[in-house]
Amino acid sequence: MASLSLQNITKVYPNGVEAVKDFNLEVEDKEFIIFVGPSGCGKSTTLRMIAGLEEISDGVLKIGDRIVNDVEPKDRDIAMVFQNYALYPHMTVYDNMAFGLKLRKVPKDQIDKMVREAAKILDLEPYLERRPKALSGGQRQRVAMGRAIVRNPKVFLMDEPLSNLDAKLRVQMRTEIAKLHQRLGTTIIYVTHDQTEAMTLGTRIVVMKDGVAQQIDTPQNLYGKPCNLFVAGFMGSPQMNFLDATCHVDGDKVTLTIGEEDDEEAARMELPKEKHVITLPPAKAQKLIEGGYDGKKVVMGIRPEDLYDDEMMIANNPNSLLESTINVYELLGAEVFLYFDIVGVQMIARVNPRTTVRPGDTAVFAMDTEKIHVFDKETEVTITN
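The structure presented is a predicted model; accordingly, all values stated were derived computationally and were not measured.

Draft legend 1. Up close: the nonpolar core. Of all hydrophobic cores here, the largest spans 47 residues; its most connected members are Met-97 and Tyr-190. By size, the runner-up hydrophobic cluster in this structure holds 31 residues, among which are Leu-256, Leu-307, Val-357 and Ile-372.

Draft legend 2. Highlighting unusual backbone geometry. For the bond running from Ser-237 to Pro-238, omega is -5°, close enough to zero to count as cis. Within the secondary structure layout, Pro-238 lies in the loop between α8 (229–234) and β11 (241–250). Positive phi outside glycine occurs at Lys-30, with the angle close to 75°. Secondary-structure assignment places Lys-30 in the loop between β2 (18–27) and β3 (32–36). In this structure, Glu-380 takes a positive phi of about 65° despite not being glycine. Judged by its relative accessible area of 34%, Glu-380 is partly exposed.

Draft legend 3. A look at the sheet that holds strand β7 (residues 155–159). Read from one edge to the other, the open sheet built from 6 strands follows the order β6-β7-β8-β3-β9-β10, with strand pairing classed as mixed. Of all the strands in the sheet, just β6 (78–81) and β10 (212–217) have a single pairing partner and so form its edges. On average, adjacent strands in this sheet sit at an angle of 15° to one another, irrespective of strand direction. By the bridge criterion, 5 bridges tie β3 to strand β8 (residues 187–192) in an arrangement that is parallel. Paired with Phe-32 across the strands is Ile-188, a residue of β8. Taken strand by strand, helix α4 (residues 137–149) contacts β6 and β7, and its axis lies near 175° from that of β6.

Draft legend 4. Focus on the pairing of β2. Pairing analysis gives 6 bridges linking strand β1 (residues 4–12) to β2, with the strands arranged antiparallel. Pairing of Ile-9 across the sheet is with Phe-23, part of β2. Between β1 and the antiparallel strand that follows it, β2, lie 5 residues; Gly-16 among them carries a positive phi value of about 95°.

Draft legend 5. Structural context of the layout of surface pockets. In this structure, the largest pocket occupies an estimated 550 Å³ of space. Only β6, α2 (93–103) and α4 provide two or more residues apiece to the lining of the largest pocket. Of the residues belonging to the lining of the largest pocket, the class tally is 12 nonpolar, 2 polar and 4 charged.

Draft legend 6. How the structure looks around the sheet that holds strand β16 (residues 321–331). The sheet built from 5 strands is open, its strands ordered β15-β19-β16-β17-β18 with antiparallel pairing. If you trace the sheet from one side to the other, it starts and ends with β15 (307–308) and β18 (345–351), each paired once. Here β15 runs beside strand β19 (residues 362–367); their pairing, made up of 2 bridges, is antiparallel. Residue pairing in the sheet places Tyr-308 in a bridge with Ala-366 of β19.

Draft legend 7. Representation of the packing of α4 against helix α5 (residues 167–184) in the model. At a closest axis distance of 11 Å, the pairing of α4 and α5 adopts a crossing angle of 20°. Between α4 and α5, the angle falls in the class roughly parallel. Remark: the crossing between α4 and α5 carries right-handed chirality. Along the contact surface, α4 presents Gly-138, Gln-141, Arg-142, Met-145 and Ile-149, while α5 presents Leu-169, Met-173, Ile-177, Leu-180 and Leu-184. Residue composition of the contact of α4 with α5, grouped by class: 7 nonpolar, 2 polar and 1 charged.

Draft legend 8. Main features of the side chain of Ser-324. Secondary-structure assignment places Ser-324 in strand β16. Side-chain polar atoms of Ser-324 contact the backbone oxygen of Asp-341, separated by 2.6 Å.

Draft legend 9. Fine view of the environment of Leu-222. By the element assignment, Leu-222 lies in helix α7 (residues 219–224). The spacing of Leu-222 and Arg-204 is 18 residues in sequence and 9.3 Å in space, taken between C-alpha atoms. Leave out the neighbours within four places in its chain, and Leu-222 touches Ile-205, Val-207, Gln-215, Asp-217, Val-231, Met-235 and Arg-303.

Draft legend 10. The packing of aromatic side chains, seen in detail. Under the criterion given, the structure shown has 6 aromatic pairs. Note on Phe-230 and Phe-234: the rings are 5.7 Å apart at their centroids and 20° apart in plane angle, and the pair reads as stacked. With Phe-230 and Phe-234 both in helix α8 and 4 residues apart, this pair spans about one turn of that helix. Accessibility expressed as a relative area gives 18% for Phe-230, which makes it buried. Residue classification places Phe-234 among the buried residues on the basis of a relative accessible area of 17%. Look at Phe-340 and Phe-365: their rings are 4.4 Å apart centre to centre, the planes differ by 10°, and that puts the pair in the stacked class. Residue Phe-340 is found in strand β17 (residues 336–342), and its partner Phe-365 is found in strand β19; the two are separated by 25 residues along the sequence. For the pair Phe-340 and Phe-365, one class covers both residues: buried. For the cation-ring pair, Lys-296 lies above Tyr-293, with the distance from its terminal atom to the ring centre recorded as 5.7 Å. One cation-aromatic arrangement involves Arg-303 over Tyr-223; the distance from NZ or CZ to the ring centre is 3.8 Å.

Draft legend 11. Broad picture of the pattern of salt bridges. Using the criterion set out here, one finds 12 salt bridges in the structure. One salt bridge connects Lys-102 with Asp-95, and the closest N-O pair in it is separated by 3.4 Å. What you see here is one network of salt bridges that share partners, running through Lys-11, Arg-48 and Glu-54.

What counts and what doesn't
Residues numbered from 1 in each chain as written. Predicted model: local features only at pLDDT ≥ 70, side-chain atom pairs only at ≥ 80, totals over all residues. Heavy atoms only, no water. Core = buried A, V, L, I, M, F, W, Y, C linked by side-chain atoms within 4.5 Å. Buried < 20%, exposed > 50% of the residue type's maximum accessible area, 1.4 Å probe, protein only. Helix = DSSP H or I, 4+ residues; strand = E, 2+ residues; numbered from the N terminus. Pairing = 2+ DSSP bridges. Axes fitted to C-alpha atoms, helices over the stretch in contact; angles between N-to-C directions. Contact = heavy atoms within 4.5 Å. 1 Å grid on protein atoms, 1.4 Å probe; cavity = no way out; pocket = protein on both sides within 12 Å on 5 of 7 lines; lining within 4 Å. Points joined across faces, edges and corners; volume = space filled by probe spheres on them. Nonpolar A, V, L, I, M, F, W, Y, C, P; charged D, E, K, R; others polar. Parallel < 35°, antiparallel > 145°, perpendicular 65-115°, else oblique. Left-handed = near helix turned anticlockwise from the far one by under 90°. Polar contact = N/O pair within 3.5 Å; in protein donor to acceptor, adjacent residues only side chain to side chain. Phe/Tyr/Trp six-rings, centres within 6.5 Å; stacked < 30°, edge-to-face > 60°. Lys NZ or Arg CZ within 6 Å of the ring centre and 35° of its normal. Salt bridge = Lys/Arg side-chain N within 4 Å of Asp/Glu carboxyl O.

Right, dumping it as structure tokens:
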């Protein structure tokens, strides 16, 4: 296996479009790195540059200690798994998995041993004589992985390998890939737009937007300590709730006021009067005092699971209450999503299924103030997590 180094990698197409900008990443041996982001953010382009399928416009790419910018894809000692499986329809599973080894003139008995070992790992032994059309989507994807495994490459590259599968199969295959990584101890770089996939599989995640790596971190840190508004909103399902607020400093006390403060302005715009005042805990308050945010607009973020409708939390957190009418009630078995509006912004609370609140009811929610995130309104950079 091998480490990877991407130093100031840039991709500019002939038409001037800059798909990847100054990308830096050090991948340790045996790491499972995930590139995640919305469509068109540059994640697949970066993967294709590592594979040698796209030319690098600027920067240095190393696999191990070797610079591979100008090395042919077949000589990079990597294996790629695509979302559309890319299997040969006229060949059996066995022949599909053996094909790359035959091209390399590997002895027949060795090919047989390697294919059967990979088939055992992937639970494909009963299907070796079948052709791809006689297999399910999940089985085809396992064959594509088997074809990569037999080559024993330094690095596995996976480009949205599960996006063509149905929801249940995707969950099953996620488990398979995680087990595969543990068993083989391989370096894997994996592209997905599904942040649940990213959170469950990756040892580290690269969140990308507009060709720029926004944050490279562990799943826990990305979720709990996002570096900006984009990362905070992208990681997590349902996404974080965001509300514009005005910061007020009074000595060492800091409050965030959500809603229309100027009554004359509210009357002129015919807005309903609505105001919620949240008191920040000391450590978070200090960050806003130090940053000089008194009187300034900020963005407050709170995750759905950090909003509570139970009486004990409401009683214990009188300085963090939001009150609104419930619009939608969604039961998901182990949890309930409650949808409501605060100052015209839709919010979601993830609460206990024993809740008695229903659509049309007025509900009071308490926030876990230790879990409040505050972002700079202009730069969108995190002030405090």
